[in-house]
Amino acid sequence: SLMQFMISVLVFLITMLPQIIFDIRHDNILSDNITNFLFEKDSFRIGFLDVIKLRIPFYFNTYFSNIFPSDLRVWYSFGLLALISMLVNIKKIHPKIWTVIGILISVCVGMLFFRGNNGNVYGYYFTGSYLLFIIVFTYLISIFPGKKFGSIIYFLFILVFIKQNLPLIKNYLSPKFDSPTTINFKNQKLAIDWIYNDTKDREFNIDVYVPPVIPYAYEYLFTWLGNTKYHKLPKTESIPNLYLLYEQDPPHPERLEKWMIRQNTYAKVEVSANFGGITVERRIRFPKNL
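Residues numbered from 1 in each chain as written. Predicted model: local features only at pLDDT ≥ 70, side-chain atom pairs only at ≥ 80, totals over all residues. Heavy atoms only, no water.

Asks: Help me out: how do you make sense of the sheet that holds strand β3 (residues 267–275) in this one?
Replies: Through backbone hydrogen bonds, the strands of a sheet pair up, either in parallel or in antiparallel fashion. Read from one edge of the open sheet, four strands run β1-β2-β4-β3, paired in mixed fashion. Either end of the sheet is taken by a strand with one partner, and the two such strands are β1 (205–209) and β3. Neighbour to neighbour, the strand axes of the sheet diverge by 20° on average, direction disregarded. Pairing between strand β2 (residues 241–247) and strand β4 (residues 278–285): seven bridges, direction antiparallel. Of the residues in β4, the one forming a bridge with Y246 is T279. On the sheet, helix α9 (residues 216–228) packs against β1, β2 and β4 and is oriented at approximately 130° with respect to β2. Each of β1, β2, β3 and β4 touches helix α10 (residues 253–264); the most contacted strand, β2, lies at about 175° to it. (Pairing = 2+ DSSP bridges. Helix = DSSP H or I, 4+ residues; strand = E, 2+ residues; numbered from the N terminus. Axes fitted to C-alpha atoms, helices over the stretch in contact; angles between N-to-C directions. Contact = heavy atoms within 4.5 Å.)

Structure representation (structure tokens):
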């Protein structure tokens with residue numbers, strides 16, 4: 001109804017109020033970036049046929065990885081079972097579930113035309129729709145036709161879900177800080193402490209690689225620790241003493257490899273250290289790059 005729509009809009013605006021106030025107080029920094037992203041960078045150019053072959057498999061892997069994170073091969077079977085359940089029970093599915101399905105379809109179809117960020121699409125773009133997908137998928141599995149056979153399917157689904165997710169949950173609750181892929185706040189601080197202790201009284205530059213190339217967390221940590229603990233910040237102008245800090249990138253090792261190849265063209269490694277999935281290197285720039 002119109003009243004429900006108006007209430008929904010009002011609630012949404014209330015949740016956005018802190019961002020709106022922040023935007024007004026900081027010279028429209030958020031709204032200007034959104035406008036630039038949507039209208040000036042051609043982020044939504046129609047290119048359906050160019051991207052559909054890449055996006056459809058990406059959708060399946062992205063959504064199902066939230067249910068089967070350690071082995072995506074099982075989604076072929078359970079995905080097919082969920083589709084069968086939907087087709088067989090098409091007249092029995094609750095109207096609210098159809099609404100959720102419609103929202104999911106609109107998100108996926110809309111993103112087919114997204115061409116911003118140099119054509120790259122990442123899983124976190126869909127964070128707001130993950131819960132909706134999980135609700136729909138588990139609902140369809142739970143209403144699989146046939147009381148006995150449906151119960152077996154649901155039991156197998158729960159069994160596979162627990163088998164894949166329980167070890168991950170255990171690792172999150174009690175992580176091994178020395179694991180070669182572990183990246184957490186403790187290891188981040190250790191890596192930055194190592195850099196500052198290694199520099200002693202020397203000035204230094206920093207270059208950071210964080211998949212997918214978003215170093216904001218380390219910019220904050222260097223600013224925080226540099227101002228409060230070490231009273232020294234990295235220099236912005238190029239100087240001989242350069243430190244690299246990079247995280248492992250198992251999904252896309254080729255991106256990290258390209259970044260490292262570029263780094264090797266203007267600085268050589270002197271010493272390095274590892275803190276879980278984080279590596280730090282002290283390098284010296286080649287004279288021609290100063």
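Asks: Is there a simple way to explain the packing of aromatic side chains in this structure?
Replies: Each aromatic ring pair is characterised by the separation of its centres together with the angle its planes make. For the coordinates displayed, the defined rule picks out 33 aromatic pairs. Taken together, a centroid distance of 6.0 Å and an interplanar angle of 90° make the contact between Y122 and Y125 edge-to-face. The exposure class assigned to Y125 is partly exposed, which follows from its relative accessible area of 28%. (Phe/Tyr/Trp six-rings, centres within 6.5 Å; stacked < 30°, edge-to-face > 60°. Buried < 20%, exposed > 50% of the residue type's maximum accessible area, 1.4 Å probe, protein only.)

By themselves these figures say nothing about function.
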